[in-house]
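Here's the letter readout for the chains.
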Amino acid sequence: MRIGVVTFPGSLDDRDAQRAIRLAGAEPVALWHGTHDLQGVDAIVLPGGFSYGDYLRCGAIAARSPIMAEVIDAANSGMPVLGICNGFQILVEAHLLPGGLIRNDHGDFIRRDQRLRVESTDSAWTNGFTAGQEITIPLKNGEGGFIADEPTLDRLEGEGLVAFRYLDVNPNGSLRDIAGLRNERGNVVGLMPHPEHAVEPGFGPNTPAAMRSGVDGLTFFTSVIKQSVLS
Amino acid sequence: MPTIVVEVMPKAELLDPAGKAVAGALHRLGHESIRDVRIGKRFELHVDGEIDAALLETAQQLAADMLSNGVIEDVISVHVSGSAADGVGEGVAGETR
């Protein structure tokens, strides 16, 4: 399976995402924002970072970059697309997921190993988890507060589109503790925390077993590989 | 050069941490009468040629589609720079355009 990772000006975690894809057993393909070429990939990751300096709003300019026309078409045709942190913001700005992301309610950039509850396993990127599973992956953002109006929030809850919820601490004031979403079809998933930073023993979050041994993020990438094999 | 001004503000019901921080600083400086500060954005679109109704309409569209995100922001104004809507003191006090 070939999974593309789009590099925008200001992308920070594109190489980490490529590494995570390789560790999960797929072939990472570097994609460039300024082209219209998806290079025939089977799935796409929009990585974390500060695309175009976030000068307009986080993800707003990236959502209108050349390659996003193809990414939006592919997503609407059912191709798996994962947006991580700035990638989540890009998905929201591209209207592939609802709502908006605003500055953290406490005003500070935050980084921590974040516990999450997996709320939906019915997606290309979460099918390897069990419903209600609690996982720990790193979080680092300054504008991660998820908001939407009440009818939208009620619809997201009612249709089971909340993919992840913050546990223990709500790190940014996200409404209803929402950390990540999936679309109705289940091929598009976006979240603020970073699964690609918890894929390799020695470099992930601490666990009760050993320091830095957490690899909960790997399941995102093995999930999409498993789905591609089965479909 | 003819200029279209677009003003965007965070929605009134949203917390504006940047504005809040500035309000806190003003209070510390003794300006207790300034109860709240909210920080928005002003875009100046410099255009070639005359600004007609069609171009203003285009700017209105851009303001709604790209310059603002309707989930979190309101477009307060789209107008020609120097017009009455551009506020008191426009172009005075050495302001360069």
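Under an unreviewed UniProt entry, the name given to chain B is Phosphoribosylformylglycinamidine synthase subunit PurS, and the source organism is Microcella humidisoli. The annotation that UniProt attaches to chain B under Catalytic activity (unreviewed entry) is "N(2)-formyl-N(1)-(5-phospho-beta-D-ribosyl)glycinamide + L-glutamine + ATP + H2O = 2-formamido-N(1)-(5-O-phospho-beta-D-ribosyl)acetamidine + L-glutamate + ADP + phosphate + H(+)".

Going by the annotation in an unreviewed UniProt entry, the name recorded for chain A is Phosphoribosylformylglycinamidine synthase subunit PurQ, with Microcella humidisoli given as the source organism. What the UniProt record of chain A gives under Subunit (unreviewed entry) is the line "Part of the FGAM synthase complex composed of 1 PurL, 1 PurQ and 2 PurS subunits." Listed in UniProt under the heading Subcellular location (unreviewed entry), the comment for chain A reads: "Cytoplasm".

Q: So what exactly am I meant to see when it comes to the interface of chain B and chain A here?
A: Between chain B and chain A, the residue contacts involve 13 residues of the former and 15 residues of the latter. For the chain B and chain A pair, buried surface summed over both sides reaches about 1100 Å², with 68% attributable to carbon and sulfur atoms. Here chain B and chain A share 1 salt bridge between them. In this structure, Glu73 of chain B and Arg57 of chain A form a salt bridge, with 3.5 Å as the shortest nitrogen-oxygen distance. Elements supplying a minimum of two residues to the side of chain B that touches chain A: strand S2 (41-46) and helix H2 (53-67) of chain B. In terms of residue count, the dominant contributor to the side of chain B that touches chain A is H2 of chain B (3 residues). Its residues assigned to classes, the side of chain B that touches chain A comprises 8 nonpolar, 2 polar and 3 charged.

Q: Looking at this structure, I do not really get the pattern of salt bridges. What am I missing?
A: All names here are of chain A. Tallying each qualifying case throughout the model produces 23 salt bridges over all chains. Glu27 serves as the salt-bridge partner of Arg2, at 3.8 Å between the closest nitrogen and oxygen. Of this pair, Arg2 sits in strand S1 (residues 2-7) while Glu27 sits in strand S2 (residues 27-32), and the two are 25 residues apart along the sequence. In this structure, a network of salt bridges that share partners links the residues Arg117, Glu119, Glu150, Asp154, Glu157, Arg165 and Arg176.

Q: Is there a simple way to think about the sheet that holds strand S7 (residues 134-141) of chain A in this case?
A: What holds strands together in a sheet is hydrogen bonding between their backbones, with the strands either parallel or antiparallel. Residue and element names in this part refer to chain A. Taken together, the 9 strands give an open sheet; going across it, the order is S2-S1-S3-S4-S11-S10-S9-S6-S7, and neighbouring strands pair in mixed fashion. Across the chains shown, the open sheet's two edge strands, defined by having one partner strand only, are S2 and S7. Between one strand axis and the next, the sheet turns through 25° on average, direction left out of account. Lying over the sheet, helix H1 (residues 14-24) contacts S1, S2 and strand S3 (43-46), oriented at roughly 175° with respect to S1.

Q: Would you explain the UniProt feature "active site" (unreviewed entry) in chain A in this entry?
A: All names here are of chain A. The residues that UniProt annotates with the feature "active site" (unreviewed entry) are Cys85, His194 and Glu196. In summary, the annotated positions, though distributed over 112 residues, converge in three dimensions, the widest C-alpha pair being only 10.9 Å. Secondary-structure assignment places His194 in the loop between strand S11 (188-191) and helix H5 (218-230). What makes His194 buried here is its relative accessible area of 1%. Leaving out residues up to four positions away in the same chain, His194 has contacts with Asp13, Gly48, Ile84, Cys85, Ile137, Pro138 and Lys140. Looking at the element boundaries, Glu196 is found in the loop between S11 and H5. Aside from chain neighbours lying at most four places away, what touches Glu196 is Asp13, Asp16, Ala17, Ala20, Ile84 and Phe221.

Q: Any chance you could explain helix H4 (residues 150-158) of chain A here in plain terms?
A: An α-helix turns once every 3.6 residues. As a result, residues three or four positions apart point the same way. Residues and elements named next belong to chain A. Listed as buried for H4 are Thr152, Leu153 and Leu156. End-on view of H4: buried residues confined to an arc of 100°, all on one side of the axis. Those residues of H4 that are exposed and angled more than 90 degrees off the buried face are Pro151 and Gly158. The inward-facing, buried residues of H4 contact strand S8 (145-147), strand S9 (162-166) and strand S10 (178-182).

How each quantity is defined
Residues numbered from 1 in each chain as written. Chains lettered and ligands numbered in written order. Predicted model: local features only at pLDDT ≥ 70, side-chain atom pairs only at ≥ 80, totals over all residues. Heavy atoms only, no water. UniProt positions renumbered as here; feature names shortened; annotations may be inferred. Contact = heavy atoms within 4.5 Å. Buried area = accessible area lost by both parts, 1.4 Å probe. Salt bridge = Lys/Arg side-chain N within 4 Å of Asp/Glu carboxyl O. Helix = DSSP H or I, 4+ residues; strand = E, 2+ residues; numbered from the N terminus. Nonpolar A, V, L, I, M, F, W, Y, C, P; charged D, E, K, R; others polar. Pairing = 2+ DSSP bridges. Axes fitted to C-alpha atoms, helices over the stretch in contact; angles between N-to-C directions. Buried < 20%, exposed > 50% of the residue type's maximum accessible area, 1.4 Å probe, protein only. Arc of directions from axis to C-beta.

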